[in-house]
Amino acid sequence: MHRRPLLGLFVALGLAVSASACKKKDEAGGSSSGSGSGAASGDIVIGHYASMTGNTAHFGQDTDKAARLAAEQINEAGGVLGRKLKIVTLDTRGDGADAANAVTRLIDVEKSTAILGEVASSLSLQGGPIAQRRKIPMVSPSSTNPKVTQIGDYVFRVCYIDPFQGKVMAQFARTTLKLEKVAILKDVKNDYSKGLAEAFQKAFTALGGTIAVEQSYSAGDTDFSAQVTAIKGSAAQGIWVPGYYSEVASIARTAQRLGLKVPLLGGDGWDAPQLFTIAGDALNGSYFSNHFAPDQASPKAQKFVADFTAKYGQAPTGLGALGYDGVLVIADAIKRAGSAEPAKLRDALAATKALEAVTGTLTMDKERNPEKSVVVLKIEGGKAKYETLVQP
């Protein structure tokens, strides 16, 4: 007669013990496999979201290759806190909604300790708020729009920002090239392009230069005849084109076909082998800013270039170098924190100082942006060569 109440009591006790065990397991950061963010054992997961396909696929692919190379070399040297790094990559396809979904999955499903990404500022602005809300540190390798780290205190970057990049190229155009009138041709649907256009215009006019005409396009456009014709009629001595490599190359070809013989100027979004494949010799005599120059690299950078080339059969771009540095910065912060727990990692990232990386010595400022130099490259014979270095 009393068996059912006793059975209920045993079931209740069993459930309580099970719940307690699960709670302790969760507090420890997940299972013994270490798949949970901040787990005390097992692999340390760094989630990477990037455009592995789409119009800017080379950015994501090069960054991912370099990130994996960094993790592989760190693991071969003993890992971090005796644990291995594991890179898990999700494709954003260059789409904002996919970027947001990728960050959510990297946190909820892959249990990432930190997030690496995105290359594009527009996509970092989609994924960053999720990382901030979930309090998982995010390090963008190459999103240069200032708004990215303004998302919150869990968002960092290892590249310089647009105001500095735009200012450097405006100074270069005005004082080194002695240009007085420059046209602007920007991608109106891209935060990166719009930010650089604004920064260049402000700095160039402050130096006494004139913006001859301003034209626009949208990513994916293939016909730039109307814009180039308008620029040709403005008597501009150069064109500031702060876009991505695929459109920039087509713009250069169009300018060559229409007989517009002025240098094009741009930012790090030009940096991809396809730029030269598509443009041919149309970009000879043009310039762009970047994060490092292989022909003027430091010993650490030279080793990276050699290792990357040996592993993948191709030379890395500046964006690839930043992907490597992104993993390097995260690993260094985990080591200094003595923990992969996200809050402690965030504090250690913010305290990064004088870290020797591939793209220079990195020190995070109070806005979680690194203080570093800009390299200006000149295109000659279908190759980008070191021109000058500008310190912050």
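Our subject in this report is the structure included herewith.

About the cut-offs
Residues numbered from 1 in each chain as written. Predicted model: local features only at pLDDT ≥ 70, side-chain atom pairs only at ≥ 80, totals over all residues. Heavy atoms only, no water. Helix = DSSP H or I, 4+ residues; strand = E, 2+ residues; numbered from the N terminus. Buried < 20%, exposed > 50% of the residue type's maximum accessible area, 1.4 Å probe, protein only. Areas by Shrake-Rupley, 256 points an atom, 1.4 Å probe, with all protein chains shown as cover. Lys, Arg positive; Asp, Glu negative; His and termini not counted. Charge placed at Lys NZ, Arg CZ, Asp CG, Glu CD. Contact = heavy atoms within 4.5 Å. Axes fitted to C-alpha atoms, helices over the stretch in contact; angles between N-to-C directions. Parallel < 35°, antiparallel > 145°, perpendicular 65-115°, else oblique. Left-handed = near helix turned anticlockwise from the far one by under 90°. Nonpolar A, V, L, I, M, F, W, Y, C, P; charged D, E, K, R; others polar. Pairing = 2+ DSSP bridges. Phe/Tyr/Trp six-rings, centres within 6.5 Å; stacked < 30°, edge-to-face > 60°. Expected span 1.5 Å × (residues − 1). Bend = angle between axes of the 7 residues up to and from the residue. Salt bridge = Lys/Arg side-chain N within 4 Å of Asp/Glu carboxyl O. Core = buried A, V, L, I, M, F, W, Y, C linked by side-chain atoms within 4.5 Å. Right-handed = clockwise from strand over helix to strand, strands pointing away.

The next point concerns the overall build of the chain. Looking only at helices and strands, one finds twelve helices and 14 strands in the chain. Referenced to the eigenvectors of the C-alpha coordinate spread, the extents of the chain come out at roughly 100 × 45 × 40 Å. Of all 392 residues assigned to the chain, the portion counted as buried reaches 52%. Looking at the chain as shown, the accessible area adds up to about 16500 Å², and 51% of this sits on carbon and sulfur atoms. Averaging the locations of the 44 positively and 38 negatively charged side chains of the chain gives two centres separated by 4 Å.

Considering the arrangement of structural elements, one finds A249 in helix α8 (residues 245–257). The buried category is assigned to A249, whose relative accessible area is 0%. Taking C-alpha positions, A249 is 34 Å from L106, a pair spaced 143 residues apart along the chain. In contact with A249, not counting residues within four places along its chain, are L275, I278 and A279.

Close contact between helix α5 (residues 162–176) and helix α6 (residues 191–206) brings their axes to 8 Å; oriented N to C, the two are set at 45°. As judged from the angle between their axes, α5 and α6 are oblique. Regarding α5 and α6, the two cross each other, and that crossing is right-handed. Across the interface between the two elements, D162, P163, Q165, G166, K167, M169, A170, A173 and R174 of α5 pack against Y192, G195, L196, A199, F200, A203 and F204 of α6. Considered class by class, the residues forming the contact of α5 with α6 number ten nonpolar, three polar and three charged.

Quick look at the sheet that holds strand β8 (residues 238–240) now. In spatial order, the strands read β7-β6-β8-β9-β10-β13-β14; together these seven strands make up an open sheet with mixed pairing. Either end of the sheet is taken by a strand with one partner, and the two such strands are β7 (210–217) and β14 (383–390). Taking each pair of neighbouring strands and ignoring which way they run, the sheet shows an average axis angle of 25°.

This part is about the packing of aromatic side chains. Counted according to the given criterion, the structure contains twelve aromatic pairs. What links up through ring pairs into an aromatic cluster is the set F59, Y192, Y244 and Y245.

Further remarks concern the sheet that holds strand β3 (residues 114–116). Taken in spatial order, the five strands of this open sheet run β2-β1-β3-β4-β5, and their pairing is parallel. Of all strands in the sheet, those with a lone pairing partner are β2 (85–91) and β5 (155–157), marking the two edges. Each strand axis lies, on average, 25° off the axis of its neighbour in the sheet, ignoring direction. Where strand β1 (residues 44–50) lies against β3, three bridges are found, and the strand directions are parallel. By the bridge assignment for β3, H48 is matched with L116. Docked against the sheet, helix α2 (residues 57–76) engages β1, β2 and β3, running at close to 170° with respect to β2. Together, β1, β2 and β3 form the strand contacts of helix α3 (residues 96–108), whose direction differs from that of β1 by roughly 170°.

Another aspect to go through is helix α4 (residues 121–134). Its 14 residues place the ends of α4 20 Å apart at the C-alpha level, agreeing with the 20 Å of an ideal helix rising 1.5 Å per residue. Along its length, α4 shows its largest kink, about 30°, at G127, and proline P129 lies within four residues downstream of that point. For α4, the full list of buried residues reads S121, L123, S124, L125, G127, G128, I130, A131 and Q132.

The next thing to look at is the pattern of salt bridges. Evaluation of the coordinates by the stated rule reveals eleven salt bridges. With a closest N to O distance of 2.6 Å, D98 and R93 form a salt bridge. Between D307 and K303 there is a salt bridge whose closest N-O contact spans 2.6 Å. Taken together, the residues D307 and K303, both in helix α10 (residues 299–312) and four residues apart, mark about one turn of the helix. We classify K303 as partly exposed; its relative accessible area is 49%.

Remark: a regular strand shows side chains that alternate across the two faces of the sheet. In terms of strand pairing, strand β13 (residues 374–380) meets β14 through seven bridges, oriented antiparallel. Residue I379 lies in a different strand from β14, and its bridge partner there is A384. Where β13 folds back on β14, the antiparallel hairpin that results is connected by two residues, among which G381 adopts a positive phi of roughly 60°.

So, on to α5. Given a rise of 1.5 Å per residue, 15 residues ought to cover 21 Å, and the 20 Å separating the end C-alpha atoms of α5 matches this to within 8%. Of the residues making up α5, those classed as buried are D162, Q165, G166, V168, M169, A170, F172 and A173. In this structure, the buried side of α5 is in contact with α6, β8, β9 (264–266), β10 (287–290), β13 and β14. Just beyond α5, the residue with positive phi is K178, at close to 60°.

It is worth spelling out the nonpolar core at this point. Counting 117 residues, the largest nonpolar core has L85, F200, I239, W270, F304 and V327 as its most contacted members. Examining the composition of this core, we find that eleven residues originate from one element, helix α11 (residues 318–337), more than from any other. Once residues within four sequence positions are removed from consideration, F200 is found in contact with G166, M169, A170, A173, V182, I184, I211 and W240.

Before going further, it helps to spend a moment on the pairing of β7. Note that strand β6 (residues 181–187) and β7 share six bridges and pair parallel. Residue pairing for β7: K181 is matched across the bridge by T210. Regarding the hand of the β-α-β motif, the stretch spanning β6, α6 and β7 is right-handed.

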